[in-house]
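# Examination of the molecular architecture
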Amino acid sequence: MLKGLMFLCVLCSSVEQKIYVVLNETVPCVRLLNATHQIGCQSSISGDTGVLHVLETESDLDWILSSGPHPPYMVIMETAFFNRSVMMRMKNSSRVAGVAVIISKTGLADNFSPHTTCPNQNTGVYSESYGSDLANCNGTVWNPLGNGLSYEDFSFPVFALKDENQTQVLRKCYEDHNQRVNGSAPQYPLCAMQLFSHMHAVTDTVTCMRRTDLQNRFSINPEVLCDPLSDFNVWTSTRPLNNSAKGHAADESVVIAATRLDGRSFFWEQAPAAEGTVSGIVTLLATIQALYPVTQEAPPPRNIFFSFFQGEAFDYIGSSKMVYDMEKNDFVIDMNNVHSMLEIGQVGLRSGQRLWMHSDPVSRQNKSVDTEVSEEEGKLSLFSHALSRSQPLPPSSFQRFLRARRIPGLVLADHNTSFTNRYYESMYDDAENLNVTYPPGLTPDEQLVYETDAAKSLAEVATLVARSLYLQAGGEEKNLNNITADPKIVAQLLYGFLVQKNNSWFRSLLPPEVTKKGVNSPGPPQFYIGLGPRVHGPAHSVTRFVQYILANLTGTVTNLTESQCQNPSELSTENKDDSVFAAGFSRPHRVNN
């Protein structure tokens, strides 16, 4: 995808292979488009070159931005300097050709979230016409630590460096040729670096998709300028639904249990999303494992519909598509089949084992909705110190359902007001942030089955959710003792999603053709927590793996439905705002050595 990240030392031989050292294990910041503008990063068409300078002190920053005699500079920075203040100063300077960030926990700040303070601000349920006093996070600022860096537009390339050995090569080149001596400027020859991440997409999604369409129609060798962000939602149910029929399902009432499948960070595909996403995925999978046997032996009157939504980080693409299909009678059920909804949000960082139930105060002004929500709260409270509070819903897929119909529902989370997660939508929301740690000396196979405190905690949440869903679906209380999530399953899921994807348990769940070749590519099975462009589809995302795990836990066929926003040209005026509802992924330009 990316040809490489390179540095040039002018003292080396003229032979190209000795001049250039290709740096592997790099992760780019990419360009993304929405309905109105572009965000992210990119290089010029032939790449950008600058004199290498390592940013370690404030004086280094002053040298780069004002006093250094050899601009433009390629800046190598440690984590401590990767913040909004520094990046915005570089953005506004003509002396910076590119940035490479060393991924390290050394000097990591107590918090770092490149997302906004009000995630998915313009595409939730709250607006001037619905709960206007709650819109734009007026009631609660959910992510107060957000610095908005992921939503800036940088005209130079920005990469993350993951290989420590190659980072040391860069440092040595800088120290040998570029480092100041007693404050004096270094003299030529100097060490320089070249970054390639050119992307053809510009302006906004509508413009880029139109240009791509023109290429496809009139060019002999058409080139895709941008790809819609798309993937698939994964869903299953305790009772089979007729997948060939569309629209209203007669005599069918469903309770939806949902969570999100994707996360993002400033650097593409570098989003572990441990608390932000994985805690919800693991909890819902463990919920299904706990519920499924009982629902087959003693089925409740209502069907329980489990859904994993893909694309929620980009303004609820997955849930929006499902609601859209329901309203167009192009799904196995419609909104009239939905009895109620329970969504699992961020649940991995509980304080004092408490959980919070969030409901929508606007829809609860309807007496019947309020009664149903109160009953749902009561069922959850039977099994936990779950607490409720009247305030707006946090960012959640449930908001997209409320935009279509005022259905009863709750969002379960580990936070009352602001997120507990200090690294929301960043590359540092990882296993360590979720407290997934192991005693020293364990082998990989021993770590796989080791029940960490995080695994035990999420198993408790899954048990709570499973039992409350069973009651919400009309099941009998006498069967509740048979519904318990397995902490070993949770431990294995956490290990697979956050520590080592290529492990013996994950491999045992995958079809033989997948384990032989990976997923559509050679090598062991790999995936990332995030949304892919259409050319990737579910091949490199978590989608297929969740589908395989579900099939293993239930022994049934699970379903995929496309997760993609409607054609950008069909977006309503309401959606043409500063959101990424109509996001487009632009491909990096290939550059040869």
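No experiment lies behind these values; they were computed from the predicted model shown.

### Looking at the pairing of strand 13 (residues 231-237)
Burial analysis of strand 13 places 6 of its 7 residues in the buried class, the great majority of the element. With 5 bridges connecting them, strand 13 and strand 20 (residues 559-563) associate as antiparallel partners. Residue pairing across strands places W235 opposite N559, the latter belonging to strand 20. As paired elements, strand 13 and strand 15 (residues 303-309) share 4 bridges and run antiparallel to each other. Bridge assignment links T236 to a residue of strand 15, and that residue is F306.

### Describing the state of the cysteines
Every disulfide links exactly two cysteines, by a covalent bond between their sulfur atoms. Per the counting criterion, the structure on display carries 3 disulfides. The disulfide partner of C29 is C41, and the S-S distance across this bridge is 2.1 Å. Because the torsion about its S-S bond is 80 degrees, the bridge between C29 and C41 counts as right-handed. Of the two residues, C29 is situated in the loop between strand 3 (26-28) and strand 4 (32-33) and C41 in strand 5 (residues 38-41); the sequence distance between them amounts to 12 residues. For C29, a relative accessible area of 2% puts it in the buried group.

### Observations concerning the packing of helix 6 (residues 274-297) against helix 11 (residues 453-472)
Two packed helices can be described by the angle between their axes and the distance between those axes. Contact geometry for helix 6 and helix 11: axes closest at 8 Å, N-to-C directions at 50 degrees. When the axes of helix 6 and helix 11 are compared, the pair comes out oblique. For the pair helix 6 and helix 11, the sense of crossing is right-handed. Two secondary-structure elements touch here, helix 6 through S279, V282, T283, A286, T287, A290, L291, V294 and T295 and helix 11 through L458, V461, A462, V465, A466, L469 and Y470. In terms of residue class, the contact of helix 6 with helix 11 is made up of 12 nonpolar, 4 polar and no charged.

### What about the packing of aromatic side chains?
Tallying each qualifying case throughout the model produces 20 aromatic pairs. A centroid spacing of 6.2 Å and a plane angle of 75 degrees characterise the contact between F112 and Y428, whose relative ring orientation is edge-to-face. Here Y428 lies in the loop between strand 19 (409-413) and helix 10 (444-449) and F112 lies in the loop between strand 8 (96-102) and strand 9 (153-154), a separation of 316 residues in the sequence. Accessibility expressed as a relative area gives 3% for Y428, which makes it buried. Aromatic pair Y438 and Y495: ring centres 6.1 Å apart, planes at 85 degrees, arrangement edge-to-face. With Y438 in the loop between strand 19 and helix 10 and Y495 in helix 12 (residues 487-499), this pair connects stretches of sequence that are 57 residues apart.

### Section: helix 3 (residues 84-91)
Every buried residue belonging to helix 3 is among V86, M87, M88 and M90, and all of these are buried. Turning to helix 3, the residues buried within the fold contact strand 6 (48-55), helix 2 (58-67), strand 7 (73-77), strand 8, strand 9 and strand 10 (158-161). Backbone nitrogen of S85 and a side-chain oxygen of the N-cap are separated by 3.2 Å at the start of helix 3; the cap is N83.

### Here we look at the pattern of salt bridges
A complete count under the given rule lists 15 salt bridges for this structure. Across the pair R239 and E252 runs a salt bridge whose closest N-O atoms are separated by 3.0 Å. Here E252 lies in the loop between strand 13 and strand 14 (254-260) and R239 lies in the loop between strand 13 and strand 14, a separation of 13 residues in the sequence. E252 sits in the buried class, given a relative accessible area of 16%.

### Regarding unusual backbone geometry
In most cases, non-glycine residues show a negative phi, while peptide bonds are predominantly trans. The peptide bond linking P71 to P72 adopts the cis configuration, its omega dihedral lying at 0 degrees. For the bond from Y188 to P189, the omega torsion is 5 degrees, close enough to zero to count as cis. Take P189: it is sitting in the loop between helix 4 (164-177) and strand 11 (191-195). Backbone geometry places A273, a non-glycine residue, at a positive phi of 50 degrees. One non-glycine residue, N329, lies in the positive phi region at around 55 degrees. Considering the arrangement of structural elements, one finds N329 in the loop between helix 7 (317-327) and strand 16 (338-344). By relative accessible area, which is 45% here, N329 ends up partly exposed.

### Observations regarding the side chain of N178
The topology assignment puts N178 in the loop between helix 4 and strand 11. In this structure the side chain of N178 is engaged in a polar contact, spanning 2.7 Å, whose partner is the backbone oxygen of L52. Beyond its immediate sequence surroundings of up to four residues, N178 is in contact with V51, L52, C173, P186, L190 and C191.

### Some details on the nonpolar core
General note: in soluble globular proteins, nonpolar side chains tend to be found buried as a group. In terms of nonpolar packing, the biggest core is built from 66 residues, with L285, F308, L469, L494, F497, L498 and V546 touching the most fellow members. A per-element tally of this core places helix 11 first, with 12 residues. Sequence-distant contacts of L469, that is, excluding residues within four places in its chain, are made with V255, A257, T287, L291, I304, F306 and L342. Core analysis: the second largest hydrophobic core is formed by 32 residues, L61, I64, F266 and Y428 among them.

### Some words on the confidence of the model for the chain
Detailed reading of the predicted model is not advised wherever pLDDT is low. Averaged over the chain, the pLDDT score is 86; the fraction of residues at 70 or greater is 86%. Low pLDDT, under 50, characterises residues 567-593; the stretch is placed with 97 contacts to residues that sit more than four places away or in other chains.

### Looking at the environment of I102
On the secondary structure map, I102 appears in strand 8. Overall, the relative accessible area of 4% leaves I102 in the buried class. For the pair I102 and K162, spaced 60 residues apart in sequence, the C-alpha separation works out to 6.7 Å.

Analysis parameters
- Residues numbered from 1 in each chain as written.
- Predicted model: local features only at pLDDT ≥ 70, side-chain atom pairs only at ≥ 80, totals over all residues.
- Heavy atoms only, no water.
- Buried < 20%, exposed > 50% of the residue type's maximum accessible area, 1.4 Å probe, protein only.
- Helix = DSSP H or I, 4+ residues; strand = E, 2+ residues; numbered from the N terminus.
- Pairing = 2+ DSSP bridges.
- Disulfide = S-S within 2.5 Å.
- Axes fitted to C-alpha atoms, helices over the stretch in contact; angles between N-to-C directions.
- Parallel < 35°, antiparallel > 145°, perpendicular 65-115°, else oblique.
- Left-handed = near helix turned anticlockwise from the far one by under 90°.
- Contact = heavy atoms within 4.5 Å.
- Nonpolar A, V, L, I, M, F, W, Y, C, P; charged D, E, K, R; others polar.
- Phe/Tyr/Trp six-rings, centres within 6.5 Å; stacked < 30°, edge-to-face > 60°.
- Polar contact = N/O pair within 3.5 Å; in protein donor to acceptor, adjacent residues only side chain to side chain.
- Salt bridge = Lys/Arg side-chain N within 4 Å of Asp/Glu carboxyl O.
- Core = buried A, V, L, I, M, F, W, Y, C linked by side-chain atoms within 4.5 Å.
- pLDDT = per-residue confidence, 0-100.

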